[in-house]
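Structure at a glance
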Amino acid sequence: MRIPDRLRRRSVTATALGALLCGVLFGTSLTVPAAATTAVTAADSPAVTVPPAGSHGFPFLAAAEDLGSFGYTESEYFFSGTATSYAKSGLWTSDGRWDVRASGTAAYKSRLLVRRPADPADFNGTVVVEWLNVSGQLDLSPDYWFQRDELLRRGYAWVGVSAQAVGVNGGLGEIQGLKGWDPERYGSLVHPGDAFAYDIFSQAGQALRSPDGPDPLGGLDAETVLADGESQSAGFMTTYVNAVQPVAKVYDGFMVHSNSAVGAPISGRLADTLLMPNPSRIRTDLAQPTFVVLTETDVPGAAIARQPDTDSVVHWELAGTAHGDQWAYDLGNPTVRKSAGAAAPSPDCAAGSAPFNDGPGHWAMNAALRHLDGWARGGSRPPSAPALSTVLTTALRDPATGLAVGGVRLPDVTVPTRTLSGSRDTTGSGVFCGLYGAGDPWNGDADAWDTHDAADPSDPSFPTTAEPDLARLYPTHADYVSKVRAAAQASVDAGYLLVEDATSIVSSARESDIGG
């Protein structure tokens, strides 16, 4: 289809970030479950109700942008019932073929945030159900932001699930969960602990397929229901795929975005991470497909879990991308601040440090979502992709450009105008800063961070290397646009980029002043 090292200063590694996102920010302690049982059955269908208006008059994480301008509506529903917790059954190994037994039950009540086409004729039949991320101690929807263009232009329904206790009950943050943010609206919610999060997520899917009460999809017929989790939620998604999907049988496919090498504990207890198989690979015997997508930031902490692609598991590693980036921040921050105000999580990068990575992560996620949707419907498997080049767990970089070697390489990387990195110097910065990677425009080393050391994304290590000269790379503007067009076409042909996004990339190149 045609388209229209020097000694480093402090740097956050993927291993440290994994400890951050799956450690302190993991969840709250468990309640004592009911008497243990052993039988495991398919997920129940919970009761669905409509929440009260509350003191704010809108749901937490309500979109700041005008969804109506895209032909979408937003609404919220509560769902409640009895959730089951699970325990290991037999030996768990790195192949992901993990058996479980039921270990307890507890009452729960949580919420669904639903965005869907206002006109049923615009619905494409697929619902993307995102396990909301609680690394910031409140509900966040990172994959909605990464995939937003594809979701809205193609008529998906999107549902965010408050699956974890921190999101409902609160944790270390200033806002004590949904219940603390708006007691009038959310005071009736009940979360018994993260041991029950897996079944709560299963029952969320059942509420969309066969609601007992008001229909969260407003009568839309869900032909395909995809589960999605990013970062900390991807760790839970890994364990969900391996241990829970075989018994719950709710979802038709899985997006695992930015997981680490180890799945989240089935017990919901942080300390039990040490008892999880390391590495935790995705099981390959399910009928439902799993798409694993890693950014540069993630690879050092996940490389040990690499596995060959199969008929049911595909793995991409994206060059020039970061765990969080400028795109996701720009889309998500207004929404988070609409609800959380000054209590919104902040990257808190040091003043004068390099800007966030503004690379191609969202383009790749758009393509990955479309591939997964077709694959789950019985279509062809997504194309395989080369891994990022690493020595042990360290990504190799082209010394002339600072860009990673290998991986999925979209036009931002193959026709570069700046260094895009999944890591950054975090001296003097907050704990989340390292997630956003770094960008470094090639402008003759004119920026404050162009210091030819760890703070300099384009030249972080010896020997000193000047930034590439854009005028030499692209002698004319027409030359630059031509190279971008060819690179975009190659990415489309390879299956890593959608035609719509390739068109946007070429248009941006044409409107730029790069070349000559």
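Just above sits the structure.
First, a word on what this report is: a plain description of the structure on this page.

Brief notes about the environment of glycine 136
- In this fold, glycine 136 is placed in the loop between strand S4 (126–131) and helix H2 (142–153).
- A relative accessible area of 17% means that glycine 136 is categorised as buried.
- Spatially, the C-alpha atom of glycine 136 lies 8.8 Å from that of phenylalanine 432, the residues being 296 residues apart in sequence.
- Among all residues touching glycine 136, those that are not within four sequence positions of it are Pro345 and Phe432.

Some remarks on helix H10 (residues 361–376)
- With 16 residues, H10 should reach 22 Å at 1.5 Å per residue; the first-to-last C-alpha distance of 22 Å fits that figure.
- Taken across its 16 residues, H10 has 12 buried, putting it largely inside the fold.
- When H10 is considered as a whole, its buried residues turn out to be Gly361, His362, Trp363, Ala364, Met365, Asn366, Ala367, Ala368, Leu369, Leu372, Asp373 and Trp375.
- The first or second residue beyond H10 is glycine 378, which carries a positive phi of 100°.

Description of the pattern of salt bridges
- The full count for this structure, using the stated rule, is 23 salt bridges.
- The salt bridge partner of aspartate 501 is arginine 153, with a shortest N-O separation of 2.8 Å. Of this pair, aspartate 501 sits in helix H14 (residues 499–511) while arginine 153 sits in helix H2, and the two are 348 residues apart along the sequence.
- In this structure aspartate 501 comes out as buried when scored by relative accessible area, which is 1%.
- Across the pair glutamate 317 and arginine 306 runs a salt bridge, and its minimum N-O distance is 2.8 Å. On the criterion of sequence distance, the pair formed by glutamate 317 in strand S9 (residues 313–318) and arginine 306 in the loop between helix H8 (299–302) and S9 is long-range, its members being 11 residues apart.
- Its relative accessible area of 24% is what places arginine 306 among the partly exposed residues.
- Overlapping salt bridges bring together Glu150, Arg153, Arg154, Arg370, Glu500 and Asp501 as one network.

The rules behind the values
Residues numbered from 1 in each chain as written. Predicted model: local features only at pLDDT ≥ 70, side-chain atom pairs only at ≥ 80, totals over all residues. Heavy atoms only, no water. Helix = DSSP H or I, 4+ residues; strand = E, 2+ residues; numbered from the N terminus. Buried < 20%, exposed > 50% of the residue type's maximum accessible area, 1.4 Å probe, protein only. Contact = heavy atoms within 4.5 Å. Expected span 1.5 Å × (residues − 1). Salt bridge = Lys/Arg side-chain N within 4 Å of Asp/Glu carboxyl O.

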